[in-house]
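Spelled out, the chains give:
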Amino acid sequence: MFHIDRCYGYRLIACYRVRSLLPEDSRTLIPERLIRPLASLPPEAVVKIWNNAREAANGGLPNRRQLEKQVDEYRKRILDDELTEKFGPCDEESFFSYVLKRKLDTRTTVSELIESTKSRQALINAVKELKPLGIAFFPEEKEQLRIEILRRQEQELEKLW
C-alpha cells in the first residue's frame, strides 16, 4: 500500500501522461509541479505549448510562469474561437466577454450586466473586464452597481446563517 494522498496520486498520473507526450530529452528533467499547468490540455496542445515555452526560455527548461502564460493564451484562443463561431466576429462596437461568455456591445448598460450575471463575484468580474476596454460608467450607474453588489452580498450572507 502506498502512503500518498489521492490528489497527489492523480497529479502523478497526469504528470506521467504529459511526460510521455514530451520529447525524450526533456522527460527526466521536468519536475511534476512544472507540468501541472499542462495536465488538463489535449495532447496536441501539450506538445505545442511545451515547445513554445522552451523557445521562450531560449531552449532551456521553462519556468512555471512561462508555462502558465502559454496555457492561458491557448485557453483564451480556444474560447475566442468558440465565441466567434457561436456569435460571429466582433467589430469596433462589440467585444467578447469572457466572464459572461457572450458578445457584448461597447454601449452595454449596467442593467444588462446585472441581468446577465447571477452572482456578486460574476458581476464584479464583468465590470473589471470592461475597465481595460475604456468603458466608463456614469456616477448613477456606478451607484446602481454598488447597490446591486451589496444586495447580492447580503443575500450570500443570509444563506450562511
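Everything numeric in this text was worked out from a predicted model, so none of it was measured.

1. Things to note about the overall build of the protein chain
Move 1: The number of helices and strands found in the protein chain is eight helices and two strands.
Move 2: The helix and strand sequence of the protein chain, counted from the amino end, reads α-α-α-α-α-β-β-α-α-α.
Move 3: Whereas a compact globule of 161 residues would reach a radius of gyration of roughly 15 Å, the protein chain reaches 21 Å, over 25% beyond that.
Move 4: Judged by the C-alpha coordinates and their principal axes, the protein chain covers about 60 × 45 × 25 Å.
Move 5: Out of the 161 residues belonging to the protein chain, those deemed buried represent 31%.
Move 6: As displayed, the protein chain has an accessible area near 11400 Å², and 54% of this comes from carbon and sulfur atoms.

2. With respect to the pairing of strand β1 (residues 94-97)
Move 1: Neither face of β1 is open: one carries S94 and F96, the other F95 and S97, and all of them are buried.
Move 2: Pairing between β1 and strand β2 (residues 102-105): four bridges, direction antiparallel. Each residue of the ladder has a partner; that of S94, found in β2, is D105.
Move 3: The turn joining β1 and β2, which pair antiparallel and follow one another in sequence, is formed by four residues; a positive phi near 55 degrees is taken by K101.

3. Overview of unusual backbone geometry
Move 1: Even without a glycine there, the phi angle at N58 is positive, about 55 degrees.
Move 2: If you trace the backbone, N58 turns up in the loop between α4 (43-56) and α5 (64-87).
Move 3: The backbone of K101 sits at a positive phi, close to 55 degrees, despite the residue not being glycine.
Move 4: Its location among the elements puts K101 in the loop between β1 and β2.

4. Here's the deal with the side chain of E32
Move 1: Relative to the helices and strands, E32 is located in helix α3 (residues 32-35).
Move 2: Accessibility expressed as a relative area gives 12% for E32, which makes it buried.
Move 3: Reaching out from E32, the side chain makes a polar contact with the side chain of R36 at a distance of 2.8 Å.
Move 4: In this view, E32 contacts Y8, R11, L12, C15 and R19; residues no more than four positions away in its chain are not counted.

5. A closer look at the state of the cysteines
Formally, a disulfide is one covalent bond, and it connects the sulfur atom of one cysteine to the sulfur atom of another.
Move 1: Under the counting rule described, the total for this entry stands at zero disulfides.
Move 2: Unpaired in this structure, C15 has its nearest cysteine sulfur neighbour in C7, at a distance of 13 Å.

6. So, the environment of Q144
Move 1: Mapped onto the secondary structure, Q144 falls in helix α8 (residues 139-160).
Move 2: We classify Q144 as partly exposed; its relative accessible area is 36%.
Move 3: Note: C-alpha distance between Q144 and D81 (63 residues apart in sequence) is 33 Å.
Move 4: The contact partners of Q144, leaving out residues within four places of it in the chain, are V110, S111 and I114.

7. A word on the nonpolar core
Move 1: Counting 16 residues, the largest nonpolar core has L38, L41, I49, W50 and L67 as its most contacted members.
Move 2: Elements represented by at least two residues in this core include exactly α1 (6-21), α3, α4 and α5.
Move 3: By size, the runner-up hydrophobic cluster in this structure holds 14 residues, among which are L113, L123, F137 and L145.

8. So, helix α7 (residues 120-130)
Move 1: When we look at burial in α7, the residues that qualify are L123, I124, A126, E129 and L130.
Move 2: Looking at the buried residues of α7, the elements they touch are β1, α6 (110-116) and α8.

9. Considering the packing of α1 against α4
Move 1: Packing of α1 against α4 brings their axes to within 9 Å, and their N-to-C directions diverge by 70 degrees. Relative to α4, the element α1 is oriented roughly perpendicular. The handedness of the crossing between α1 and α4 comes out as right-handed. Here α1 contributes R17, V18 and L21 to the contact with α4, which in turn contributes P43, V46 and V47.
Move 2: Here the residues of the contact of α1 with α4 sort into five nonpolar, no polar and one charged.

Parameters and conventions
- Residues numbered from 1 in each chain as written.
- Predicted model: local features only at pLDDT ≥ 70, side-chain atom pairs only at ≥ 80, totals over all residues.
- Heavy atoms only, no water.
- Helix = DSSP H or I, 4+ residues; strand = E, 2+ residues; numbered from the N terminus.
- Rg over C-alpha atoms; globule rule 2.2 N^0.38 Å.
- Buried < 20%, exposed > 50% of the residue type's maximum accessible area, 1.4 Å probe, protein only.
- Areas by Shrake-Rupley, 256 points an atom, 1.4 Å probe, with all protein chains shown as cover.
- Pairing = 2+ DSSP bridges.
- Polar contact = N/O pair within 3.5 Å; in protein donor to acceptor, adjacent residues only side chain to side chain.
- Contact = heavy atoms within 4.5 Å.
- Disulfide = S-S within 2.5 Å.
- Core = buried A, V, L, I, M, F, W, Y, C linked by side-chain atoms within 4.5 Å.
- Axes fitted to C-alpha atoms, helices over the stretch in contact; angles between N-to-C directions.
- Parallel < 35°, antiparallel > 145°, perpendicular 65-115°, else oblique.
- Left-handed = near helix turned anticlockwise from the far one by under 90°.
- Nonpolar A, V, L, I, M, F, W, Y, C, P; charged D, E, K, R; others polar.

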